[in-house]
Protein chains: 2
Amino acid sequence: MTPLKNASKQDSKNAGKPAQNGAHKAAIRQENEEQILAAAEKVFADYGFKGATTAQIAEVANVPKANVHYYFNTKEALYRRIMEDVCDHWLEAAATFDNSADPAVILRGYIESKMDLSRARPDGSRLWAHEIIRGAKFSSEYISTTVKDWLDSRVVVMRGWIKEGKMDAVEPYSLMYMIFATTQHYADFGRQIEIFNNDQALSDAQFAEAKENVVRIILKGVGLG
Amino acid sequence: MTPLKNASKQDSKNAGKPAQNGAHKAAIRQENEEQILAAAEKVFADYGFKGATTAQIAEVANVPKANVHYYFNTKEALYRRIMEDVCDHWLEAAATFDNSADPAVILRGYIESKMDLSRARPDGSRLWAHEIIRGAKFSSEYISTTVKDWLDSRVVVMRGWIKEGKMDAVEPYSLMYMIFATTQHYADFGRQIEIFNNDQALSDAQFAEAKENVVRIILKGVGLG
DNA sequence: GTCTATAACCGGATAGAC
DNA sequence: GTCTATCCGGTTATAGAC
């Protein structure tokens, strides 16, 4: 989990004061914020923006409901903050896509990173799934700019691979959607997988095997196996 | 869309009456029920069980809110009804899995059926996604019995194919999850795909191309290409 | 069978004591 | 900064007129 950006609407209030125990207060603030963010990620992951309640977030975070509104003015602000943080991490997972290394190595690295993120931060993935399923109401601008630019540049790289005969002539968008879907499935549909696995969460060994299977099927499927 | 099972808690009330215009009333009942079910599928697809409201369902169905409760006693009953109907259709999509035909033909048929269902009934898929994401609270028993039996028997068939050398030695569960994820992605993340496609829903031609790409990558990926 | 009106409760957000 | 008490609009469900 990476440090989240600071929201601090109150900073101006303390601007003039002698910084008596400012460090201490800042520490408390940061701790509370992090607790609320972690709780909100869970609750939004379960119920989506509309279905989640600030009362439940407060309960999970172990703070009074009013404090949630003190730290994050609105439910929407809290939700947006987590949503974009999740997506930013996904984009970073394929940061090295555009270099000139072996396509098989690049794709394998991307798929593995994406699988690892599903394993490490499933709630973030589920929150994102909610956001898209309900029509991307808060995120369509972000997707149509930042994410689309990111995706299109990877597609260009892939078309280059195809032209050079390094990869089968598959539609790059279809391939990327398959990678999105399959890797995020292990987070978003984790509960279903758990039930199929006799009501037990996948062990580390099982997950590692799944990851290797996903990589192998996709790489071979596009002629990189 | 298949005919839905009849819920009819009121039938007993009319049991003794002369069936004066019973046929007419039954027709009205069925029409209203179908309108409500269709509206509920949309609204639940957008907001999930908790986030959806009966008022909105009534509005979309164009009936007074009280009628929604007249036809389906509770919000939960309405939700469960649609949920199981969606899943039943998915299971039927691979009804022919256990015959002795060519594995490539069987898998292709299943993937294509599943893609077609995503195209034809995306709201049902999104409702199901909501249900799993929030922890399968209403469906865990159904999944751990009906769906798991269905899945396990397909897995047995695949292990047979592998033993006979017809298919690569991939983990069948990983493969099935990939098929679930990828095909349902075209429904569940349809809005995201639309944004990437310059804010235009995939045309029939684009969807057909995507379908063919999905089939080819997966079949080749498991040595059936 | 249909629908208006309402009961009973829960939601996000805030005021104001500490 | 913290938290109790509260406002008010929205929510499920039902009562009861038609």
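You'll find the structure just up there.
Before going into details, it helps to say that this report is about the structure given with it. (Residues numbered from 1 in each chain as written. Chains lettered and ligands numbered in written order. Predicted model: local features only at pLDDT ≥ 70, side-chain atom pairs only at ≥ 80, totals over all residues. Heavy atoms only, no water.)

1. Remarks on the interface of chain B and chain A
Interfaces are often described in size by the accessible area the parts lose on coming together. This is how the line gets drawn: Contacts are assigned to residue pairs that have any heavy atoms within 4.5 Å of one another. A quick way to say it: buried area is the sum, across both parts, of accessible area lost when two parts are put together, with a 1.4 Å probe. Here, a salt bridge means any Lys or Arg side-chain nitrogen found within 4 Å of an Asp or Glu carboxyl oxygen. By the criterion applied in these results, polar contacts are pairs of N or O atoms within 3.5 Å in which, for protein atoms, one can donate a hydrogen and the other can accept it, and in which residues neighboring in sequence qualify only through two side-chain atoms. The numbering of helices and of strands both runs from the N terminus, where a helix is a DSSP run of H or I of at least 4 residues and a strand a run of E of at least 2. Side-chain classes follow a simple rule in which Ala, Val, Leu, Ile, Met, Phe, Trp, Tyr, Cys and Pro form the nonpolar group, Asp, Glu, Lys and Arg form the charged group, and the remainder, Gly included, forms the polar group.
Opposite the 55 residues of chain B that make contact, chain A presents 55 residues. Carbon and sulfur atoms supply 67% of the area buried between chain B and chain A, which totals about 4,900 Å² over both sides. Contact with chain A buries surface across chain B, with B:Ile133, B:Phe196 and B:Ile217 losing the most and accounting together for 16% of the total. Taken together, the links from chain B to chain A amount to two salt bridges. Here A:Asp168 ties to B:Lys220 by a salt bridge, and the two come within 2.5 Å at their closest N and O atoms. The interface formed by chain B and chain A includes 15 residue pairs in polar contact (both at pLDDT 80 or more). Examining the composition of the side of chain B that touches chain A, we find that eleven residues originate from one element, helix H8 (residues 172-188) of chain B, more than from any other. A per-class count over the side of chain B that touches chain A returns 26 nonpolar, 16 polar and 13 charged.

2. Points about the relation of the copies chain B and chain A
Spelled out, the test is: Least-squares superposition of the copies uses the C-alpha atoms of those residues scoring a pLDDT of at least 70 in each of them.
Superposing chain B onto chain A takes a rotation of 180 degrees combined with a translation of 0.0 Å along the rotation axis, leaving an RMSD of 0.1 Å. Classification of the inter-copy transformation places it as that of a two-fold axis. Mapped onto chain A, 100% of the interface residues of chain B again fall at the interface, so both copies present the same surface.

3. Describing the protein's contact with DNA strand D
Worth spelling out the cut-off: Think of it this way: one heavy atom of a residue within 4 Å of a molecule or strand is enough to make that residue near it.
For DNA strand D, the set of nearby residues contains 17 residues, the closest of which are A:Pro64, A:Tyr70, A:Tyr71, B:Thr54 and B:Lys65. When the atoms of DNA strand D within 4 Å of the protein are grouped by moiety, sugar and phosphate amount to 62% of the total. In this structure, a phosphate oxygen belonging to DNA strand D sits 3.2 Å away from a side-chain N or O atom of A:Asn32. B:His69 has a polar side-chain atom sitting 3.1 Å from a phosphate oxygen of DNA strand D. Those elements that place two or more of their residues in the surface near DNA strand D are helix H1 (22-51) and helix H3 (65-71) of chain A together with helix H2 (54-61) and helix H3 (65-71) of chain B. Counting residues per element, the surface near DNA strand D draws most heavily on H3(A), which supplies four residues. Across the surface near DNA strand D, the residue classes tally to eight nonpolar, six polar and three charged.

4. Description of the packing of helix H4 (residues 75-93) of chain A against helix H5 (residues 103-120) of chain A
Residue and element names in this part refer to chain A. Rule in force here: The axes used here are C-alpha line fits, helices contributing only the stretch in contact, and every angle between their N-to-C directions lies in the interval 0 to 180 degrees. Working definition: roughly parallel below 35 degrees, roughly antiparallel above 145 degrees, roughly perpendicular at 65 to 115 degrees, and oblique for all remaining angles. Handedness of a helix crossing follows the sense of rotation of the near helix relative to the far helix, less than a right angle counterclockwise being left-handed and clockwise being right-handed.
At their nearest, the axes of H4 and H5 sit 9 Å apart, and the two run at 155 degrees to each other. By the angle between their axes, H4 is roughly antiparallel relative to H5. The hand of the H4/H5 crossing is right-handed. On the side of H4, the interface is formed by His89, Trp90 and Ala93, while H5 contributes Tyr110, Ser113, Lys114 and Leu117. The residue makeup of the contact of H4 with H5, split by class, is four nonpolar, two polar and one charged.

5. Re helix H7 (residues 140-163) of chain A
Operational definition: A helix's residues, less one, multiplied by 1.5 Å, set its expected span. One fitted axis covers the seven residues ending at a residue, a second covers the seven starting there, and the bend at that residue is the angle between these axes. Using a 1.4 Å probe on the protein chains alone, a residue whose accessible area is under 20% of its type maximum counts as buried, one over 50% counts as exposed, and one in between counts as partly exposed.
Taking 1.5 Å of rise per residue, 24 residues should cover 34 Å, and H7(A) covers 32 Å from first to last C-alpha, within 8% of that figure. Largest kink in H7(A): about 40 degrees, centred on A:Lys148. When we look at burial in H7(A), the residues that qualify are A:Tyr142, A:Ile143, A:Val147, A:Lys148, A:Trp150, A:Leu151, A:Arg154, A:Val155, A:Val157, A:Met158 and A:Trp161. In this structure, the buried side of H7(A) is in contact with H4, H5, helix H6 (122-133) and helix H8 (172-188) of chain A together with helix H9 (190-196) of chain B. At the C-terminal side of H7(A), A:Gly165 shows a positive phi close to 75 degrees.

6. What to know about the packing of aromatic side chains
Residue and element names in this part refer to chain B. Condition: Only Phe, Tyr and Trp rings take part, Trp by its six-membered ring, and two of them pair if their centres are within 6.5 Å. Stacked means planes under 30 degrees apart, edge-to-face means over 60, and tilted covers everything else.
If you walk through the whole model with that rule in mind, you get 32 aromatic pairs over all chains. The interplanar angle of 70 degrees and the centroid separation of 5.7 Å between the aromatic rings of Tyr79 and Phe138 together place this pair among those described as edge-to-face. Of this pair, Tyr79 sits in helix H4 (residues 75-93) while Phe138 sits in the loop between helix H6 (122-133) and helix H7 (140-163), and the two are 59 residues apart along the sequence. Comparing Tyr79 with Phe138, the two get one shared label, buried. Between Tyr186 and Phe207 the ring centres are 6.0 Å apart and the planes differ by 90 degrees, which places this aromatic pair in the edge-to-face class.

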